[in-house]
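Coordinate inspection notes
The residues making up each chain are set out below.
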Amino acid sequence: MAAKRTQTARGAGLPPKLGPTIYPLVSILLLIPCFWQSRLQAGDLSSHIYNAWLAQLIAAGQAPGLTVARQTTNVLFDLMLSGLFAAAGAEAAQRVSVSLTVLIFVWGAFAFVSTVSGRPAWHMLVLIAMLAYGWVFHMGFFSFYLSLGLCFWALSLSWEGKPRRMAAAVPVLAVAWLAQALPVAWTASVLLYLWLAHRRQPRAHLLLVIGSALAMVFLHVALGTGIDTRWYPAQISKATGLDQVLVFDDKYWIAVIGLLVIWIGQFRESEIRPLVTSVLAQVSLLTALGIFILPTAILLHGYQALLAFIAERMSLALAICICALLAAARSRPWHRYAAALAAIVFFAFLYRDEAILNSVEDRMTRLVSQLPANQRVVSAIDASGLRVNPLTHMIDRVCIGRCYSYANYEPSTGAFRVRTVADNPIVMSTYLAAWKLQIGSYVTEDRDLPLYQVNIDSNHCLVMLSLLPGVPSGITHWNPL
C-alpha cells in the first residue's frame, strides 16, 4: 500500500523528499500576486474595506443614519476585514484577508480535484491558480469566493459518502453559509444529486440528468413569476468556465485559448467512456446547464438591489469541476509545459494591468488629498468597455480616512452588514440614487452639496470638479489599459 501511494504521488508530480513541506512552499508561491503591487486591485475589495471603515465610524457614533445590521450570510469576509482593520489597519486587513481567502479556495479546490480523481492533483495546481486569480477574484466577489472555497472542502469530505466525513462537512458548510449562500445552495444540489445517483443503476442516470434539467427549467419559470429576475441568452458563453481567465480585455483570450488547448489535450488522454459517464461529468453538465438556464440576477427578499452575475460566478465552480473531471487523465510533459506557459502569460498580463491601475489610484489619491477633510466625493470615470470594470469602486478605498464615497452602493442594498437607516451626509440612502450617481444620470440636489467629482479631461489628466444643483452628474468613459 505504501509503495502504491509513493508511485501515485510521483505520477502526480509530488517530489517525495519534500513531503508535507511542499504545502507551505507552494502556498508562498500562490500568494505572490497578493503582494506584488502597492495595492490589491480587485474591484469590490475597495468597497468592502471602505465599509469596514464605516463600521468603525458607526461604532464610534460618527456616522448618523448608518447602522451595522446582524445577518447570517454574506458577512464572513467583511467580519474578517473589520477585525483585522481594527487590529492592524486597512492595508494589512486587505492583504491578510485576501491571502487567507485565496489559500482556502486554492487548497479547497485542490482537495476536491484530488479526491475525485483519486490522486494528488499537483499537475492541475497551475490551472487552479490561474482560475483562482481570474474574473471572480478581480471583480472582488470575495464573499462568494470564500464560500465556494469552503464548499470545495466540504465536497472533498463528502464525495465518497462516508458518514464520518459527511458529518465533518456539515460545519464547513455552515461556515460557508456565513460567507455567502449561493455556493452552499449549489453544493447542496450536488450532494442531493450524488445521493440520488448512487441509489440508481448507471443506465438510469440519463433520466436523472434529464429530470434535473427539467427541474431547472421549472425553477426558472417559477422564479420569473414570483420575483424580479434577469436572464440573457449570452449566459451560454459562461457555460464552459473558460471565461474565468478572460479578465480585463482581449489580450486575455491568449490565456483562454491556452486553457482550452490543455483541457482538450487532457481529454484526449482520458478513457473516454468512463469519463463521460461518470457522476462528476453529470454534475459538470448540470452545472453548465444551470449557468445557462437559471437567471443570472435575482432580487432576493429584503434586498434593494439584484444579486447579479450569478452565471459568471458559477462558471468558476464549473471550471474547477472540469479540472477534477480531467485530473485522472495521464499527464503528458507537454501538458505541464503548456500549463506553465499559459500561467506565465496570464500572470504577466495581470501584473502589467494591475500596475497601471495602481498608478491611476495613486493619481486619484493625490487629487482627493487636496480637499478639506470629510467631503462628499464621487467618481465619474467609467471603464465599462473592460470585462472587469476596475474604476467603479476605486474612489471607495481612496476615501478611507479622507472623505466620504457618496455613491458607495453597499449600505443601500440591504445585502451587507453596513446599512442606511435614514438620509445622511455620508452616503446615498437609496440604491437607485447611488446607482444613478455611478452611471452619471443623477441630478444633484441642494442637500447633496458640497459634492465633489473626480473626472478625467481630454489629456487623460484627473481633475476635481464641484457639482452644481440641478445638473446631471455625468460620466466619462476611459480605458486605462
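Anyway, here's the lowdown on the structure attached to this text. Note that the coordinates shown come from a computational prediction; the quantities given were computed from them, not determined experimentally. (Residues numbered from 1 in each chain as written. Predicted model: local features only at pLDDT ≥ 70, side-chain atom pairs only at ≥ 80, totals over all residues. Heavy atoms only, no water.)

1. Considerations on unusual backbone geometry
Leave glycine aside and you will find that most residues have negative phi; peptide bonds, for their part, are mostly trans. With an omega dihedral of -5°, the bond running from L449 to P450 counts as a cis peptide bond. When you line up the elements, P450 lands in the loop between helix 19 (431–439) and strand 8 (451–456). A positive phi angle, near 65°, is found at N374, a position not held by glycine. Under the relative-accessibility criterion, N374 is labelled partly exposed at 46%. For H460, which is not a glycine, the phi torsion comes out positive at approximately 65°. (Helix = DSSP H or I, 4+ residues; strand = E, 2+ residues; numbered from the N terminus. Buried < 20%, exposed > 50% of the residue type's maximum accessible area, 1.4 Å probe, protein only.)

2. Structural notes on the sheet that holds strand 6 (residues 403–405)
Across the sheet, four strands lie side by side as 6-4-8-9; this open sheet has mixed pairing. Because the sheet does not close on itself, it has two edges, and the strands there are strand 6 and strand 9 (462–466). Across the sheet, the mean angle from the axis of one strand to that of its neighbour is 35°, orientation sign disregarded. Direction of pairing for strand 4 (residues 375–379) relative to strand 8: parallel, over a ladder of four bridges. When the sheet's bridge partners are listed, V377 is paired in strand 8 with Y452. (Pairing = 2+ DSSP bridges. Axes fitted to C-alpha atoms, helices over the stretch in contact; angles between N-to-C directions.)

3. A closer look at the packing of aromatic side chains
One pass over the structure, following the stated rule, counts 29 aromatic pairs. Considering the side-chain rings of W36 and F347, the 6.3 Å spacing of their centres and the 75° angle between planes classify their relative orientation as edge-to-face. Taken together, the residues W36 in the loop between helix 2 (22–30) and helix 3 (45–59) and F347 in helix 16 (residues 333–368) connect sequence positions 311 residues apart. Taking the relative accessible area as the measure of exposure, F347 reaches 15% and is therefore buried. Between Y50 and W53 the ring centres are 5.6 Å apart and the planes differ by 55°, which places this aromatic pair in the tilted class. Within this pair, Y50 and its partner W53 are both found in helix 3, separated by three residues, close to a single helical turn. The residues Y50 and W53 share a single accessibility class, namely buried. (Phe/Tyr/Trp six-rings, centres within 6.5 Å; stacked < 30°, edge-to-face > 60°.)

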